[in-house]
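Each chain is listed here by its residues.
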Amino acid sequence: MPSIAGNNLSPLKENPAFISETVRSNTGDVTPQKRRLRSNSTVVQENQISTPPKWRSPRHCENSSPNSPLKRVKIDFVENPARSQKSPAKKVLSFPVKQNWNPRNVEQMSAVKEALHVSRAPSTVVCREDEQRRIFEFCKTCVEQEKAGSLYICGCPGTGKSLSMDKVKQQVVDWAKGADLQPPDVLAITCTSLTNTSEIFSKILGENQPRKKINSSTSPLQHLQKLYSQKQQLSGPKMMLIIADELDYLISKDQAVLHDLFMLTTFPFSRCILIGIANAIDLADRFVPRLKALNCKPLIVTFRAYSKDQIVRILQERLMALPYIVFQPQTLELCARKVAAVSGDLRKALSICRSAIEMLEAELRETASNMNSLSAEKGFFDDQQMALAPESLKLQEHNVVRFDHMVTALSRTYGSPVVETIQSLPQHQQIILCSAVKLFRGKKKDTTVAELNKSYVNICKSALIRPVGTLEFSSMCRVLNDQGLLKVGQAREDKLKRVTLKVDEADITFALQGVRFFRSCLQ
C-alpha cells in the first residue's frame with residue numbers, strides 16, 4: 001500500500017486540475033480512489049499554501065468547505081441576485097455633508113441672518129404639535145356643529161402662541177374646504193392696536209354686516225347682542241373665527257369689555273368662535289372665575305416655556321435648509337441651555353444667535369484690516385511671518401460661530417455683576433473658584449482651605465502653571481471672601497478654615513467657560 005500511494009502521488013502533483021475536477025464532482029458513490037484523491041488534494045494544498053485558509057460563508061465563496069453542497073450554493077446565488085447586490089449598494093451609500101460657510105459672502109451672510117430672524121415664519125411649527133392639535137379639534141368641532149365657543153391660550157412670551165394660531169387658522173380653512181363645509185370668516189385683532197377697548201365690537205360687527213348701516217343710537221355691542229339673539233336666515237352670516245391677540249390689554253384696561261366679549265359666545269344664535277391669546281399664565285386665574293360665574297368659561301390651552309432640547313431642535317430646523325455649517329458643535333446647546341434656564345423665550349435665543357454671528361462678522365473685518373495693514377508694510381507674508389502672526393489671523397480656516405462668540409453674546413444679553421466680577425478676576429483667583437466648583441459638585445457643601453489648596457495645585461500642575469505659595473493662597477481666599485464670592489470661616493490656623501461658595505456654581509461655569517482651559521476643567 002505505501003508503494004501504491006507513492007505511485008499515485010506523483011501524477012496528481014503534475015495534474016492538479018484533475019484533482020480539482022474530481023473533488024468537485026458530485027455524482028455516484030464515493031470510491032476509495034476518491035478518498036485518496038481528497039486526501040492527496042489536501043496534501044497538495046498544504047504544499048502550495050503555507051497557512052490554512054480562513055473559513056468563509058457559502059454566500060461569499062463556493063469552495064468554503066468540503067462538506068457544503070456546492071450546487072445548492074450556486075442555485076441560491078442565481079435565484080437571489082438582489083441579495084448579492086445589496087452589500088455593494090450599502091458601501092456606495094453616502095449622505096451629503098455640509099461644508100463650512102463663507103461669512104465674507106454677502107448672500108450667505110444675509111441668508112443665515114434671515115433664517116434666524118424673529119419675523120421669519122417657519123414652514124412647520126415644531127415642538128407645539130399637541131397644542132396645535134387641541135386648538136384645531138376645538139375649531140373643527142365648532143364648525144361642524146355650527147356652534148359658538150371660546151378658547152383661551154396663555155403662555156410666556158416667545159413660546160409660539162401666535163405662530164401656532166396662524167398655522168391652525170389656515171388648517172381650519174383648508175379642512176373646511178376639503179370637507180365640503182363653508183369655511184369660517186377669520187378676523188384677527190391685535191388688542192394693543194385698538195384706540196378704544198370697545199372698538200373691538202365695531203370690528204366684529206363690521207365683519208358680520210359690512211354693508212349695513214348701523215344706527216348711531218345703539219352701540220356696536222348692542223347690535224351684536226341683538227344679532228346673536230335672533231334666529232338667522234338661510235342667507236345669514238357664516239361662522240366667524242375671532243382671534244384676539246394680546247388679550248392682556250383688555251384685562252388690564254377694561255375687564256367689562258373682556259367679559260362682554262366672551263359673553264357673545266353664550267347667545268343662542270351666536271356664530272362666534274372666540275380665541276383669546278395672552279402672554280401671562282396667571283391672568284387666567286384672575287378673570288376665568290368671573291367668566292365661569294357668567295356661564296362662559298373658555299377652554300384653556302397653556303403653552304409652556306421651551307426646554308433646552310426643544311430650543312436646540314427649533315434652531316436646527318431653521319438652519320437645516322442652509323447647505324453649510326454655521327455654528328460649531330455644542331454652541332447652539334449652550335445658547336439653548338441658558339435661555340431655557342432663564343425664560344424659555346425662543347425670540348431671545350434667535351436674537352442671541354444673530355448677535356454671535358455679528359461678532360464673527362466683526363472679527364473677520366478686524367482680521368482683514370490687520371492683514372491689509374501688515375501686507376502694506378511688508379509687501380508680502382512669508383512662512384516665518386505667518387507663524388508669528390496674531391492668533392486671529394490663523395482663524396480664517398474656522399469661519400463658523402465658535403463657542404467664545406456665543407459666550408460673549410450670552411454675557412451681553414444676560415450680563416450680571418457676578419459674572420462680570422468673575423471674568424475680571426486674575427487668573428489664579430479664577431482657578432481657585434474653578435477648584436471650588438469641582439469640589440462642591442457632589443454632596444459636599446464646604447471644605448477646608450487646605451483641601452481647596454490641594455485641588456488648586458492639581459489644576460495648576462495639569463495646565464503647567466506655577467501655583468502660588470500657601471500664604472499667598474490664603475490671602476487670595478480672603479480677597480474672594482471680601483468680594484462676596486467665597487465665604488471663609490474662622491479657625492486658629494488658615495489651613496483649617498472652612499470655605500463655602502456664596503455664588504451659584506452656574507454663574508462661575510458661565511463666566512469661565514469662554515476660556516478653553518477652564519472649560520476643560522469644569523467639564
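Residues numbered from 1 in each chain as written. Predicted model: local features only at pLDDT ≥ 70, side-chain atom pairs only at ≥ 80, totals over all residues. Heavy atoms only, no water.

Visitor: Explain the overall build of the chain to me, please; I cannot follow it from the model alone.
Guide: Of regular secondary structure, the chain possesses 24 helices and 10 strands. When each of the 523 residues of the chain is scored for burial, the buried share is 37%. Put simply, 74% of the contacts in the chain that link residues at least 6 apart link residues at least 24 apart. A total of about 31100 Å² of accessible surface is found on the chain, and carbon and sulfur atoms cover 51% of it. (Helix = DSSP H or I, 4+ residues; strand = E, 2+ residues; numbered from the N terminus. Buried < 20%, exposed > 50% of the residue type's maximum accessible area, 1.4 Å probe, protein only. Contact = heavy atoms within 4.5 Å. Areas by Shrake-Rupley, 256 points an atom, 1.4 Å probe, with all protein chains shown as cover.)

Visitor: What exactly am I supposed to notice about the sheet that holds strand β3 (residues 185-190) here?
Guide: Across a sheet, paired strands are connected by hydrogen bonds in the backbone, their directions being either parallel or antiparallel. Strand order across the open sheet formed by five strands is β3-β4-β5-β2-β6, with parallel pairing between neighbours. Two strands in the sheet have a free side with no partner beyond their single neighbour: β3 and β6 (299-303). Strand-to-strand twist across the sheet, computed as the mean angle between neighbouring axes with direction ignored, equals 15°. As paired elements, strand β2 (residues 149-155) and strand β5 (residues 272-278) share six bridges and run parallel to each other. Paired with C154 across the two strands is A278, which belongs to β5. The strands touched by helix α9 (residues 199-208) are β3 and β4 (240-245); relative to β3, the strand with the most contacts, the crossing angle is about 160°. (Pairing = 2+ DSSP bridges. Axes fitted to C-alpha atoms, helices over the stretch in contact; angles between N-to-C directions.)

Visitor: Would you explain the sheet that holds strand β8 (residues 447-448) in this entry?
Guide: With antiparallel pairing, three strands are arranged side by side in an open sheet as β8-β10-β9. For this open sheet the edge positions go to β8 and β9 (486-488), each flanked by a neighbour on one side alone. Alignment of β8 against strand β10 (residues 498-501), held across two bridges, turns out to be antiparallel. When the bridges of β10 are listed, T448 appears paired with R498. On top of the sheet, helix α20 (residues 427-439) reaches β8, β9 and β10; it is set at about 90° to β10, its chief contact.

Visitor: Even after reading the chapter, I still don't get unusual backbone geometry, so can you show me in this structure?
Guide: One can expect most non-glycine residues to show negative phi and most peptide bonds to be in trans. Phi angles above zero are rare outside glycine, and E246 is one such case at about 55°. Take E246: it is sitting in the loop between β4 and α11 (248-253).

Visitor: What exactly am I supposed to notice about the pattern of salt bridges here?
Guide: Pairing is possible between side chains of opposite charge, provided their charged atoms come close. Inspection of the entire model under this criterion finds 17 salt bridges. Salt-bridge contacts for R128 lead to E131; the nearest nitrogen and oxygen are separated by 3.5 Å. Taking the relative accessible area as the measure of exposure, R128 reaches 2% and is therefore buried. With a relative accessible area of 12%, E131 lands in the buried category. Across the pair E333 and K308 runs a salt bridge whose closest N-O atoms are separated by 3.6 Å. Of this pair, E333 sits in helix α15 (residues 331-342) while K308 sits in helix α14 (residues 308-319), placing them 25 residues apart in sequence. Look at K308 and you get partly exposed, because its relative accessible area is 23%. Members of the salt-bridge network, linked through shared partners, are K308, D309, E333 and R337. (Salt bridge = Lys/Arg side-chain N within 4 Å of Asp/Glu carboxyl O.)

Visitor: Just checking my understanding: could you explain the confidence of the model for the chain for this structure?
Guide: Averaged over all residues, the pLDDT of the chain is 78; the fraction at 70 or higher stands at 73%. Confidence scores differ between elements of the chain, with helix α4 (residues 70-79) showing the lowest mean pLDDT of 40 and helix α7 (residues 129-145) the highest of 96. Under a pLDDT of 50 for its full length, residues 58-95 has, in the predicted model, 14 contacts with residues more than four places off or in other chains. Confidence drops under a pLDDT of 50 for residues 386-397, and excluding neighbours within four residues, the segment shows 16 contacts in the predicted structure. (pLDDT = per-residue confidence, 0-100.)

Visitor: Help me understand empty space enclosed by the protein in this model?
Guide: Under the criterion given, the structure shown has one cavity of 30 Å³ or more. Lining the largest cavity are V449, S474, C477, R478, V488, D494 and K497. The greatest single-element share of the lining of the largest cavity, amounting to three residues, is contributed by helix α22 (residues 470-482). A breakdown of the residues in the lining of the largest cavity according to their chemical character gives three nonpolar, one polar and three charged. (1 Å grid on protein atoms, 1.4 Å probe; cavity = no way out; pocket = protein on both sides within 12 Å on 5 of 7 lines; lining within 4 Å. Points joined across faces, edges and corners; volume = space filled by probe spheres on them. Nonpolar A, V, L, I, M, F, W, Y, C, P; charged D, E, K, R; others polar.)

Visitor: Looking at this structure, how should I read the layout of surface pockets?
Guide: Which parts of space are left empty comes out when a probe the size of a water molecule is rolled across the atoms. Estimates place the volume of the second largest pocket at around 620 Å³. For the second largest pocket, the lining is made up of 29 residues, of which V118, P122, L163, R318 and L346 are closest to its centre. When residues of the lining of the second largest pocket are traced back to their parent elements, those giving at least two are α8 (161-178), α14 and α16 (346-378). Of the residues in the lining of the second largest pocket, the class split is 14 nonpolar, eight polar and seven charged. Mapped onto the domain boundaries, the lining of the second largest pocket takes at least three residues apiece from domain 1 (103-120 + 306-369 + 398-415) and domain 2 (129-207 + 221-226 + 237-302). (Domains from an automatic or database assignment.)

Visitor: Looking at this structure, how should I read helix α21 (residues 449-462)?
Guide: Owing to its 3.6 residues per turn, the α-helix brings residues three or four apart onto one side. For α21, spanning 14 residues, the distance from its first C-alpha to its last is 20 Å, which sits close to the expected 20 Å at 1.5 Å a residue. Among the residues of α21, V449, L452, N453, S455, Y456, V457, I459 and C460 are the ones counted as buried. As for α21, its buried residues are in contact with α20, β8, α22, β10 and α24 (516-522). Backbone geometry just downstream of α21 places L464 in the positive-phi region, at approximately 55°. (Expected span 1.5 Å × (residues − 1).)

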